[in-house]
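This is what each chain is made of:
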Amino acid sequence: MSQTLTRTIVAPDHQPTAPRYRSTAARIVFGIPYWVFTTALAVIFLYPLIWTGVSSVSPMAGTSQTDGWGFGNYAALGEYQAGIWVYLGNSLFVSVLTVALTLFISLLGGYAFARFSFPGKNALFLLTLAILMVPYATLLIPLYVILNAVGLQNSLVGVALVITMFQLPFSMFMMRISFESIPREMDEAAMVDGCSSWGALWRVLLPAVKPGLVTVGLFAFLTAWNDFMAPLILINDSNRMTLPLAVANLRGQVQGVVDYGATEAGVVVLALPCIVLFLILQRHYVRGFMSGAFKG
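The rules behind these values
- Throughout, a residue's number is its position along its own chain's written sequence, starting from 1.
- Where totals are concerned, whole chains, interfaces and linings use all residues; where local detail is concerned, this predicted model gives features only for residues with pLDDT of at least 70, and gives and counts side-chain atom pairs only at 80 or more.
- Hydrogens are left out, water is left out, and the side-chain values use all remaining heavy atoms of the structure.
- Comment: elements are numbered from the N terminus, with helices defined as DSSP H or I runs of at least four residues and strands as E runs of at least two.
- Using a 1.4 Å probe on the protein chains alone, a residue whose accessible area is under 20% of its type maximum counts as buried, one over 50% counts as exposed, and one in between counts as partly exposed.
- Note on contacts: a residue pair is in contact if any heavy atoms of the two residues lie within 4.5 Å.
- Site definitions follow a grid-based scheme: protein atoms alone, a 1 Å grid, a 1.4 Å probe that fits but cannot get out for cavities, and for pockets an open set with protein on both sides within 12 Å along at least five of seven lines, plus lining residues having an atom within 4 Å of a point.
- Grid points are joined across faces, edges and corners, and a volume is the space filled by probe spheres set on the points.
- Under this grouping Gly is polar, as are all residues other than the nonpolar Ala, Val, Leu, Ile, Met, Phe, Trp, Tyr, Cys and Pro and the charged Asp, Glu, Lys and Arg.
- For a helix, the expected span equals 1.5 Å multiplied by the number of residues minus one.
- Think of a polar contact as two N or O atoms within 3.5 Å of one another; within protein, one of them needs to be a possible hydrogen donor and the other a possible acceptor, and neighboring residues in sequence only count if both atoms come from side chains.
- Only the stretch in contact is used when fitting a helix axis, every axis being a line fitted to C-alpha atoms; angles between N-to-C directions are given from 0 to 180 degrees.
- Geometric relationships in this document are graded by angle, where less than 35 degrees denotes roughly parallel, more than 145 denotes roughly antiparallel, 65 to 115 denotes roughly perpendicular, and other angles denote oblique.
- By salt bridge we mean one thing: a side-chain nitrogen of Lys or Arg within 4 Å of a carboxyl oxygen of Asp or Glu.
- Candidates for patches are residues over 30% relative accessible area with no salt bridge; among them, like charges are joined within 9 Å and nonpolar side chains (Val, Leu, Ile, Met, Phe, Trp, Tyr) within 5 Å.
- For accessible areas, the Shrake-Rupley method is used with a probe of radius 1.4 Å. Any residue's cover is judged against the shown protein chains and nothing else.

1. With respect to the overall build of the protein chain
Piece 1. For the protein chain, the count of helices and strands is 13 helices and zero strands.
Piece 2. Residue burial in the protein chain is summarised as follows: out of 296 residues, 37% are buried.
Piece 3. Considering only contacts within the protein chain whose residues lie at least 6 apart along the sequence, 75% involve residues at least 24 apart.

Below is the structure:
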């Protein structure tokens, strides 16, 4: 009797061992194509960035770093016309103002489109999205005339306003689906507790739509930081140029000679803030894009 019980208890402990090893081996075999494909993609996307970073500090004939490895190209970039810190400050001002305006307008607009009913609501929303169908460059000359009439031509504030206008369709759409993914019971419960619509927005709904706000803000910053067309058309003063425009002008040297070292250093300076911000905010960025998938 005891021998029979012993066989019954011990045998099951050894039976699942083989299937477990088979499933692990299958995961490894089927996972190899995935890792090969993703590694190849990473190499394709990262190689230009790594090559640019290495070239900006490596010795190269016709550049400011002709002997040994160093930061001569960055020194040349810093001494170009008004200096890199002026152009960095201009780009930072335009980017921060664009992000602030985009977040404020899209937050209120998305809340209104998602929570309130008013005449012409859907038509107004479609009209806002229709801005996406208009080519960016075709509107810059009319906007130049309008900004000149109101005294904002050759102004960094005018550049920020133009970039904000073109960011609003995507931002409004993102914030609307972010609010619609939140149950209405949350703001209704807040109103029962004595909050107004404004109080429910700031105290209850704002923390819930944080991933959407991060996504909108990140897109607005990247667009404003890297925008070239708007400053090119709207800015005439060399001291008010943004960094992308300054780096582009740096390439136009005397007698057609281009300082590729300083240009590559400018590309590195342009790319670093974008990379750092994305790495810090990537979790909220992905959640912001996924918010509409869990609506209701």
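Here the narrative resumes, following the displayed structure.
2. Some points on the layout of surface pockets
Where empty space is left becomes clear once a probe the size of a water molecule has been rolled over the atoms.
Piece 1. Volume-wise, the largest pocket comes out at about 300 Å³.
Piece 2. Along its surface, the largest pocket is lined by L46, L49, N226, V267, L270, A271, C274, I275, F278, L279 and Q282.
Piece 3. In terms of residue count, the dominant contributor to the lining of the largest pocket is helix 13 (residues 260-290) (eight residues).
Piece 4. In the lining of the largest pocket, the residues fall into nine nonpolar, two polar and no charged.

3. Things to note about helix 7 (residues 156-180)
Piece 1. If you check helix 7, its first and last C-alpha atoms are 35 Å apart, about what 25 residues at 1.5 Å a residue would give, namely 36 Å.
Piece 2. Most of helix 7 is tucked away: 19 of the 25 residues are buried.
Piece 3. The opening residue of helix 7, the one whose side-chain oxygen lies 3.2 Å from the backbone nitrogen of V157, is S155.

4. Regarding the packing of helix 9 (residues 197-208) against helix 10 (residues 210-226)
How two helices sit against one another is set out by the angle between their axes and by the gap between those axes.
Piece 1. The N-to-C vectors of helix 9 and helix 10 enclose an angle of 70 degrees; their axes lie 5 Å apart at closest approach. When the axis of helix 9 is compared with that of helix 10, the two are roughly perpendicular. Between helix 9 and helix 10, the contacting residues are L206, P207 and A208 on the first element and K210, P211 and L213 on the second.
Piece 2. Tallied by class, residues from the contact of helix 9 with helix 10 come to five nonpolar, no polar and one charged.

5. As for the pattern of salt bridges
Pairing is possible between side chains of opposite charge, provided their charged atoms come close.
Piece 1. In total, this model carries two salt bridges according to the counting rule given.
Piece 2. Between E180 and R176 there is a salt bridge, with the nearest N and O atoms lying 3.0 Å from each other. Of this pair, E180 and R176 both sit in helix 7, four residues apart, which is roughly one turn of that helix.
Piece 3. Judged by its relative accessible area of 22%, E180 falls in the partly exposed class.
Piece 4. Taking the shortest distance from any N to any O, the salt bridge between D237 and R240 comes out at 4.0 Å.
Piece 5. Overall, the relative accessible area of 36% leaves R240 in the partly exposed class.

6. As for a nonpolar patch on the surface
Piece 1. Where nonpolar side chains cluster on the molecular surface, the patch consists of L46, L49, I50, V54, W69, I275, F278 and L279 and spans about 780 Å² of accessible area.
Piece 2. Looking at the nonpolar patch, the elements that each hand over two or more residues are helix 2 (17-57) and helix 13.
Piece 3. The element contributing the most residues to the nonpolar patch is helix 2, with four residues.
Piece 4. Assignment of secondary structure puts L279 in helix 13.
Piece 5. According to the relative accessible area criterion, L279 is exposed, its value standing at 52%.

Everything listed here is a matter of coordinates, which is why it stays silent on function.
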